[in-house]
Amino acid sequence: MTKGKTRKYIFVVGGVISGVGKGVTTSSIGLLLQSHGYRVTAMKIDPYVNVDAGTMNPTEHGEVFVTKDGDETDQDMGNYERFLGTSLSRDNYMTTGRVYQSVIQKERALAYKGKCVQVVPHIPYEVIDRINSACNKANAEIVVIEVGGTVGEYENILFLETARMLKIKNPVDVLFAIVSYLPTPSKVGEMKTKPTQHAVRALNSAGIQPDFIIARSDVALDAKRKEKLALFCNVIPESVISAPDVDSIYDIPGNFEKDKLGEKILKRLKLKTRGKNAKWKEWEAFARKADRVKDEVRIGVVGKYFDTGDFVLSDSYLSIIEAIKYSAIAQGKKAKLVWLTASTFEGKKAPLTELIGFDGILVPGGFGSRGIEGILNVIRFAREHKIPYFGICYGMQLAVIEYARNVLGLKDATSREIDPKSKHLVIDIMEGQKENIEKGNLGGSMRLGAYPAVLKKGTIAQKAYGADKVIERHRHRFEVNPEYINMIEAEGLVFSGKSPNGTLMEIAELPTSVHPFFLGTQFHPEFEARPLAPHPIFSAFVKAAITRGKSK
Ligand code: GLN
């Protein structure tokens, strides 16, 4: 186990139920400490055996967030990047599978020098090594580590053991916060602390005493419940932080600040504030503006990863939702997103005229052939009716297919992913990817992470970025078939962004003389959008949507 420099570790764990907002709490704690002048990084530990989140269905696990260096991670990593305003790397993410994989690889390389390799301590040591190397890479003084799952589960016990071991070695440098839920059963009418007491006891039985209890509930906690939790959970009442439901997640850091959480954490870690920095003021202004905007810009998002049982979950597109919101807020608007299920737009009776009511249509990334004909109908309608259209990854590829079918007249134009037997594969498999598929090498093998694109002067993309070259994150196996590029461009679709060697089409758009905004990106700009720095392409799309809204 390598020993890091003196640094502070904050572990955030969850109690009672999943979905209590550990990710946003982790991000908010990071932001608070950052605004006190500290260099902070954040990490996520997922208890799954999957090596990364790339092989999981988004309706089950939420969005796959891609880091700059091409790791397919959990959506919480996106929250950290957005709140902290930094880019994280693959070192900031780990899963049970990833940890075991490297321990086993090391064992095979005799790295343990003949020792018996054991679940404890070797797995926790590996986790600690990974935490320290992420801190070294980020040059961080404080790391906030979110442990996935809920206390009391079998799955994350080794990660709690890791945290306990780290604390024993560095008593003043390690701090624990449990984000727990306090229900108010409607028939009882009183907020209940007992489930949280049990969660803290479960944490105690893993050898961990929380320093802070972040109490999630419908409404703010009263003094009586704070005292009760303090008494039964071994903390002082000031360490019980009220976290009532809020309309906007951007208000959460401010709410914590009202409870002086930042200062309390610093005090507990024996650190001093370095004075509130300018970023905090900017964040507060942003959060205030987000609360104030009322006037809506209506965006229809056509996708297929919404339904889970009887519920509609938009988590699969979290970064896109956030990116649209930031651009809308910056332009004084509130983004109203409407989820449109792709398959409902298939067939002759497709309710396409409903689309007229939207200020803009967005088609996000996706995989496979389900719902595709519906999406193609939507894209055609948006193009022909001059509704601002933004396609991301698959949304760009499908825009190219739609154009090839209905403008170039190649009726069976498609992607190899949809119908490999078609004569006109205007979207085809990328070089090298064929082998991956044939060999079943499907984990972490797409074209992933940051790659540059060179922009064509005078296009929507180039003007929006105000730059000639950009670097954006990718996640795809297919590309615009080079054989069709000239043919497509001759009919008016402009490839305004290309890889530096000119072979890979990164952005497709129609000139503004024919359509107010019809643009697709092969990359995922949503991963670079930040609350305090909205993404230029999203902003250009939202601007076009606002203009349409005004003219309706
Ligand atoms: N399925 C497409 C590809 O692999 C698009 C991927 C995506 O939208 N992320 O190229």
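Just above, that's the structure.
Quick caveat, the model's predicted, so the values are computed rather than measured.

1. Observations regarding the overall build of the protein chain
Here's step 1: When its secondary structure is counted, the protein chain shows 18 helices and 23 strands.
Here's step 2: In summary, the protein chain has a C-alpha radius of gyration of 25 Å against a globular reference of 24 Å for 552 residues, a match within 12%.
Here's step 3: Counting only C-alpha atoms and orienting by the principal axes, one finds that the protein chain spans roughly 75 × 60 × 45 Å.
Here's step 4: Expressed as a percentage of the 552 residues in the protein chain, the buried residues total 57%.
Here's step 5: Counting only contacts in the protein chain whose residues sit at least 6 apart along the sequence, the fraction spanning at least 24 positions is 73%.
Here's step 6: About 23,300 Å² of surface is accessible on the protein chain, with carbon and sulfur atoms providing 53% of the total.
Here's step 7: Between the centroid of the 77 positive side chains of the protein chain and the centroid of its 64 negative side chains there is a distance of 4 Å.

2. Things to note about the sheet that holds strand β20 (residues 478-480)
Here's step 1: In spatial order, the strands read β16-β17-β20; together these 3 strands make up an open sheet with mixed pairing. The strands lining the two open edges of the sheet, one partner per strand, are β16 (414-415) and β20.

3. Quick look at the pattern of salt bridges
Any two side chains of opposite charge can pair, so long as their charged atoms come close to each other.
Here's step 1: By the definition in use, this model includes 37 salt bridges.
Here's step 2: A salt bridge links Lys68 to Glu528, with the shortest nitrogen-to-oxygen separation between them at 3.3 Å. One end of the pair, Lys68, is in the loop between β3 (64-66) and β4 (72-74); the other, Glu528, is in the loop between β23 (518-521) and α18 (536-551), with 460 residues separating them in the sequence.
Here's step 3: Residue classification places Lys68 among the partly exposed positions, given a relative accessible area of 36%.
Here's step 4: Across the pair Lys137 and Asp91 runs a salt bridge whose closest N-O atoms are separated by 3.2 Å. Here Lys137 is found in helix α5 (residues 119-138), whereas its partner Asp91 is found in the loop between α3 (76-84) and β5 (93-95), with 46 residues between them in sequence.
Here's step 5: Here Lys137 falls in the exposed class, since its relative accessible area comes to 58%.

4. A short note on the environment of Lys543
Here's step 1: Within the secondary structure, Lys543 sits in helix α18.
Here's step 2: On a C-alpha basis, the gap between Lys543 and Gly360 in space is 9.7 Å, while along the polypeptide they are 183 residues apart.

5. Here's the deal with the site of the ligand
Here's step 1: The environment of the ligand is made up of Gly365, Gly366, Phe367, Cys393, Tyr394, Gln397, Glu417, Arg475, His476, Arg477, Phe478 and His524.
Here's step 2: Measuring from an oxygen atom of the ligand, one finds a backbone N or O atom of Arg477 at 3.0 Å.
Here's step 3: Take His524: an N or O atom from its side chain is 3.2 Å from a nitrogen atom of the ligand.
Here's step 4: When the free accessible area of the ligand is taken as 290 Å², the share hidden by the protein chains comes to 98%.
Here's step 5: The residue makeup of the shell around the ligand, split by class, is 4 nonpolar, 5 polar and 3 charged.

6. Looking at the sheet that holds strand β2 (residues 40-46)
Here's step 1: Read across the sheet, 7 strands follow the order β5-β2-β6-β1-β7-β8-β9 without closing on themselves; strand pairing throughout is parallel. Strands at the two margins of the open sheet, each flanked by one partner only, are β5 and β9 (240-244). Across the sheet, the axes of successive neighbouring strands diverge by a mean angle of 20 degrees, strand direction being ignored.
Here's step 2: The pairing of strand β8 (residues 212-217) with β9 spans 5 bridges and is parallel. Along β9, the bridge assignment pairs Ser217 with Pro244.
Here's step 3: The sheet contacts of helix α6 (residues 157-169) involve β1 (8-14), β2, β6 (142-147) and β7 (174-181), and relative to β7 the element is tilted by about 145 degrees.

7. Describing the side chain of Gln34
Here's step 1: Of note, Gln34 is situated in helix α1 (residues 22-35).
Here's step 2: In this structure Gln34 comes out as buried when scored by relative accessible area, which is 13%.
Here's step 3: Beyond its immediate sequence surroundings of up to four residues, Gln34 is in contact with Val40, Phe83, Leu84, Asn277 and Lys279.

8. Section: empty space enclosed by the protein
Here's step 1: As enumerated under the stated definition, the model contains 1 cavity of 30 Å³ or more in all.
Here's step 2: Considering only enclosed or pocket space, the largest cavity measures out at about 60 Å³ in volume.
Here's step 3: Of all the elements in the fold, those that place two or more residues in the lining of the largest cavity are β10 (296-303) and α13 (372-384).
Here's step 4: In terms of residue class, the lining of the largest cavity is made up of 8 nonpolar, 3 polar and 1 charged.

9. Topic: α5
Note on helix geometry: an α-helix contains 3.6 residues per turn, so any two residues three or four positions apart are oriented the same way.
Here's step 1: Taking 1.5 Å per residue as the helical rise, α5 with its 20 residues ought to reach 28 Å, and the 28 Å between its terminal C-alpha atoms agrees with that figure.
Here's step 2: Of all the residues in α5, the buried ones are His122, Ile123, Pro124, Glu126, Val127, Ile128, Ile131, Asn132, Ala134 and Cys135.
Here's step 3: Contact partners of the buried residues in α5: β1, β2, β5, α4 (96-108), β6 and α6.
Here's step 4: Positioned one or two residues after α5, Asn139 has a phi angle of 50 degrees, which is positive.

Conventions we followed
Just so you know, the residues in each chain are numbered from 1, in the order the chain's sequence is written. Totals for whole chains, interfaces and linings use all residues, but because this is a predicted model, local features are given only for residues with pLDDT of at least 70 and pairs of side-chain atoms are given and counted only at 80 or more. To get the side-chain values, take all heavy atoms of the structure and skip hydrogens and water. To qualify as a helix, a DSSP run of H or I must reach at least 4 residues; to qualify as a strand, a run of E must reach at least 2; elements of each kind are numbered from the N terminus. Throughout, radius of gyration means the C-alpha value; the globule benchmark is 2.2 Å times the number of residues raised to the power 0.38. Any residue under 20% of the maximum accessible area for its type is buried, any over 50% is exposed, and the rest in between are partly exposed; the area is computed with a 1.4 Å probe on protein chains only. In what follows, residue pairs with any heavy atoms lying within 4.5 Å of each other are defined as contacts. All accessible areas in this document rest on Shrake-Rupley with a 1.4 Å probe, and a residue is counted as covered only by the protein chains that are shown. In this tally, Lys and Arg are treated as positive and Asp and Glu as negative; His is ignored, and so are the chain termini. To locate a charge, take NZ of a lysine, CZ of an arginine, CG of an aspartate or CD of a glutamate. DSSP-based pairing: two strands are paired if at least 2 bridges between them are found. Salt bridge, as applied in this entry: a Lys or Arg side-chain nitrogen positioned within 4 Å of an Asp or Glu carboxyl oxygen. For this description, a residue counts as near a given molecule or strand if any of its non-hydrogen atoms is within 4 Å of it. Here a polar contact is recorded for every N or O atom pair within 3.5 Å, except that within protein the pair must consist of a potential hydrogen donor and a potential acceptor, and residues adjacent in sequence are included only if both atoms are side-chain atoms. Throughout this entry, Asp, Glu, Lys and Arg are counted as charged residues, while Ala, Val, Leu, Ile, Met, Phe, Trp, Tyr, Cys and Pro are counted as nonpolar. The remaining residues, Gly among them, count as polar. The axes used here are C-alpha line fits, helices contributing only the stretch in contact, and every angle between their N-to-C directions lies in the interval 0 to 180 degrees. For each structure, a 1 Å grid was placed over the protein atoms alone; sets of points admitting a 1.4 Å probe that cannot get out are labelled cavities, open sets with protein on both sides within 12 Å along at least five of seven lines are labelled pockets, and lining residues have an atom within 4 Å of a point. Grid points are joined across faces, edges and corners, and a volume is the space filled by probe spheres set on the points. Take the number of residues in a helix, subtract one, and multiply by 1.5 Å to get its expected span.

Purely spatial values, then, with no claim about function.
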